[in-house]
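What follows is the residue order along each chain.
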Amino acid sequence: MDLLYMDFLGTPTWMWAIFISLVLGLLALDLGVLHKESKEIGVKESMLMSAFYIAIGIAFGGWIWFQQGQQPAVEYLTGFVVEKSLAMDNIFIIAMIFSYFAIPRLYQHRVLLWGILGVIVLRGIMIAGGSMIVENFSWVLYLFAAFLVFTGIKMLVSSDHDESDIGNNAMLKFLRRRLPVTKELHGERFFVKQQDDKTGKLKTFVTPLFLALIMVELADLVFAVDSIPAIFAITTDPFLVYTSNIFAILGLRALYFALAALMHRFAYLKYSLAAVLIFVGSKIFVADMLGIAKIPPSISLGVTVSILAAGIIGSLWATRNDKQEA
């Protein structure tokens, strides 16, 4: 029993155990019950699933409030909102990857599922490393903050995503040179055995579905370079950083199927995300100028939600007469 009350990265082990159990339970529900068989996920179902995951994430914030107090809970919720909003930009990249490889909606859920499992491990490694760096070199937070401001400004002035960038990706070119790839999909399989045209012998080939999975994982790695500094600029508590990240990402599959068909409606989302990055990064420098430890978490949460709401509402209003179909 003493083990449960030992601290791990500043948080009692039993709190980590509850979090891990909840995540495993959600994954088991998704894998073993809701999506045991491959099927095409409609917008209505994805909206309901997304609302469910958001509710779970917010409820976990309420539990943190009960266990640790108001400030950690508000920091968690701010991180959750920031990570969830940044994930929306990642959805656009994922949609372009699926479009480039011509992945039917029927098989997209499988790619996203394995992608999420990889993200859970990858984020854990990156956040653990980031926590150790921040704990020993606190000045790194200023580098994170400056990077966020730079990224936000770059996002404001950069052009929209171009699907042709997928085909020119260096990693994709490397994989195609090194791996035998089938010319067509083979259902939801990542690997198949078929005859090699050169040797006439059976050989293991990877399918375009596997390449899509690798590109989705790579996209999240690039995405994490922005999102992890953003959450560290809000809180340096490893428990709050990791839990807010994972709960924001768990619903990414549902959010994808809900928003992929409506991407054209979010005309100004990129600008609101850029504004959020600039705000999150600059508030560290503003706090120093004001001579305070940090901007109050409640203010950070309020400003973040306001910026995102303005971008989403403005986008939907500007495109209210858009008749483009998915």
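As a reminder, the structure under discussion sits directly above these lines.
Along each chain, residues carry numbers from 1 onward, in the same order as the chain's sequence is written. In keeping with the model being predicted, local features are shown solely for residues with a pLDDT of at least 70 and side-chain atom pairs are shown and tallied solely at 80 or more, while totals for entire chains, interfaces and linings include all residues. Note that the side-chain values use all heavy atoms of the structure and ignore hydrogens as well as water.

(A) Examining a nonpolar patch on the surface more closely. Any residue with relative accessible area above 30% and no salt bridge may belong to a patch, with like charges joined within 9 Å and the nonpolar Val, Leu, Ile, Met, Phe, Trp and Tyr side chains within 5 Å. With residues, only the protein chains shown are counted as cover, and all accessible areas are computed by Shrake-Rupley using a 1.4 Å probe. By definition here, a salt bridge exists when the distance from a side-chain nitrogen of Lys or Arg to a carboxyl oxygen of Asp or Glu is within 4 Å. Together, Ile133, Phe137, Trp139, Tyr142, Leu143 and Phe285 give the surface a local cluster of nonpolar side chains, amounting to about 600 Å² of exposed area. By secondary structure assignment, the location of Trp139 is in the loop between α4 (105-136) and α5 (140-157). Here a helix means four or more residues in a row that DSSP labels H or I, a strand means two or more in a row labelled E, and each is numbered from the N terminus.

(B) Spotlight on helix α9 (residues 238-250). Multiplying one less than the number of residues by 1.5 Å gives the expected span of a helix. Under the 1.5 Å per step criterion, the end-to-end length of α9 is 18 Å for 13 residues, consistent within 8% with the ideal 18 Å. Burial classification: accessible surface area is computed with a 1.4 Å probe over protein chains only, and a residue below 20% of its type maximum counts as buried, one above 50% as exposed, and the rest as partly exposed. Burial analysis of α9 places 13 of its 13 residues in the buried class, the great majority of the element.

(C) Representation of the pattern of salt bridges within the structure. Applying the stated criterion to the full structure yields 2 salt bridges. A salt bridge links Asp220 to Arg123; the nearest nitrogen and oxygen atoms lie 3.0 Å apart. Highlighted residues: Asp220 in helix α8 (residues 208-232) and Arg123 in helix α4, separated in sequence by 97 residues. An identical accessibility class is assigned to Asp220 and Arg123; each is buried. When salt bridges with common partners are traced through the structure, they connect Glu83, Arg123 and Asp220 into a single cluster.

(D) The nonpolar core, seen in detail. To form a nonpolar core, buried Ala, Val, Leu, Ile, Met, Phe, Trp, Tyr and Cys residues must be joined to one another through side-chain atoms within 4.5 Å. In terms of nonpolar packing, the biggest core is built from 89 residues, with Phe19 and Leu250 touching the most fellow members. The element that contributes the greatest number of residues to this core is helix α3 (residues 70-101), accounting for 16 residues. Excluding anything up to four places from it in sequence, Leu250 contacts Val23, Leu26, Leu27, Tyr53, Ile116 and Ile120. By definition in these notes, contact holds between two residues if any of their heavy atoms fall within 4.5 Å.

(E) Examining the layout of surface pockets more closely. Here a cavity means grid points, on a 1 Å grid over the protein atoms only, where a 1.4 Å probe fits yet cannot get out; a pocket means an open set of points with protein on both sides within 12 Å along at least five of seven lines; lining residues are those with an atom within 4 Å of a point. Grid points are joined across faces, edges and corners, and a volume is the space filled by probe spheres set on the points. Its boundaries defined by the atoms lining it, the second largest pocket holds a volume of some 520 Å³. Looking at the second largest pocket, it is lined by 21 residues, and the ones nearest its centre are Ile54, Lys84, Met88, Leu255 and Ile312. Sorting the residues of the lining of the second largest pocket by element identifies α2 (43-68), α3, α10 (252-259) and α12 (297-318) as the ones contributing at least two each. Considering every element that reaches the lining of the second largest pocket, the biggest residue donor is α3, with 6 residues. Considering only residue class, the lining of the second largest pocket consists of 18 nonpolar, 2 polar and 1 charged. Note that Gly is not counted as nonpolar here; it falls among the polar residues with everything else outside the nonpolar set of Ala, Val, Leu, Ile, Met, Phe, Trp, Tyr, Cys and Pro and the charged set of Asp, Glu, Lys and Arg.

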